[in-house]
Each structure stands twice: as structure tokens, then as C-alpha cells.
Amino acid sequence: IQTLRGAGGGGLDFLGRARNLLGVDRLDVSETDSGDLGVDAGKYLSDKVYIGVAGGADPEAGRVKAEIEVSPRFSVETETGGRSSGVRFNWKRDY
């Protein structure tokens, strides 16, 4: 997985190339909790709105995610699909 990310200074950034080819802003390959390969991809619709999808070897693990920045300190995230759905409210403060 680290090779796909271009880690180690080898100069091969397969994920960066795939991200450009697919026209997405985020593309990540990771190991799921069950040890399978997982892929996340998404696009910023604006500076404050992100839509993404995730999937893996388990067909029921697929999900859709939206993140909306309401203000610099408050955001809303929602996720649905797979085995669960939910909404999360995030508040942050920089010290």
C-alpha cells in the first residue's frame, strides 16, 4: 500500500496519477478492519462541500459520505451505506 502512495521516495506516485486520471481530489487505498483492501475516492464540489464514496472487497462495505463546512469552526458529516448510517457534528477550536 505504501508503494501505491509513493512513500519511500521512489518517485512512483500511482495514486497521484490515478487521482488525476479519474478527476478526483482524494483517492486513498487502505486496509480495512477485516484486513481487506479498501478504496476511498471523492471530490470537492466547492471549498466547503466534499462528496465521497468508499468500497472494499466486502460488497456490503460500500458507503457514500458528505462533508459540509458550515463555518470555520463547525462542520457536518454524514455517511450512509454498508451496515450503518449516521450524521456527525464537529466543532473545533484552535488554541
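S.K.: Tell me about the sheet that holds strand β5 (residues 74–80), residues and numbers included.
M.R.: Taken in spatial order, the six strands of this open sheet run β1-β2-β3-β4-β5-β6, and their pairing is antiparallel. Every other strand in the sheet has two partners, leaving β1 (26–31) and β6 (86–91) as the edge strands with one partner each. The sheet shows a mean angle of 20° between the axes of neighbouring strands, direction not considered.

S.K.: Can you tell me about the pattern of salt bridges, naming the residues and giving the values?
M.R.: Throughout the structure, instances matching the rule amount to six salt bridges. Notably, a salt bridge pairs K43 with D25, separated by 4.0 Å at the nearest N-O pair. With K43 in strand β2 (residues 37–46) and D25 in the loop between α2 (14–22) and β1, this residue pair connects regions lying 18 residues apart in the sequence. Looking at K43, the relative accessible area reads 38%, which means it is partly exposed. Assessed through its relative accessible area of 35%, D25 is described here as partly exposed. A salt bridge links R63 to E79; the shortest N-O distance between them is 3.1 Å. With R63 in strand β4 (residues 63–71) and E79 in strand β5, this residue pair connects regions lying 16 residues apart in the sequence. According to the relative accessible area criterion, R63 is partly exposed, its value standing at 31%. Taking relative accessible area as the criterion, E79 reaches 28% and is therefore assigned partly exposed.

About the thresholds
- Residues numbered from 1 in each chain as written.
- Predicted model: local features only at pLDDT ≥ 70, side-chain atom pairs only at ≥ 80, totals over all residues.
- Heavy atoms only, no water.
- Pairing = 2+ DSSP bridges.
- Helix = DSSP H or I, 4+ residues; strand = E, 2+ residues; numbered from the N terminus.
- Axes fitted to C-alpha atoms, helices over the stretch in contact; angles between N-to-C directions.
- Salt bridge = Lys/Arg side-chain N within 4 Å of Asp/Glu carboxyl O.
- Buried < 20%, exposed > 50% of the residue type's maximum accessible area, 1.4 Å probe, protein only.

All quantities given are derived from atomic positions and should not be read as evidence of function.
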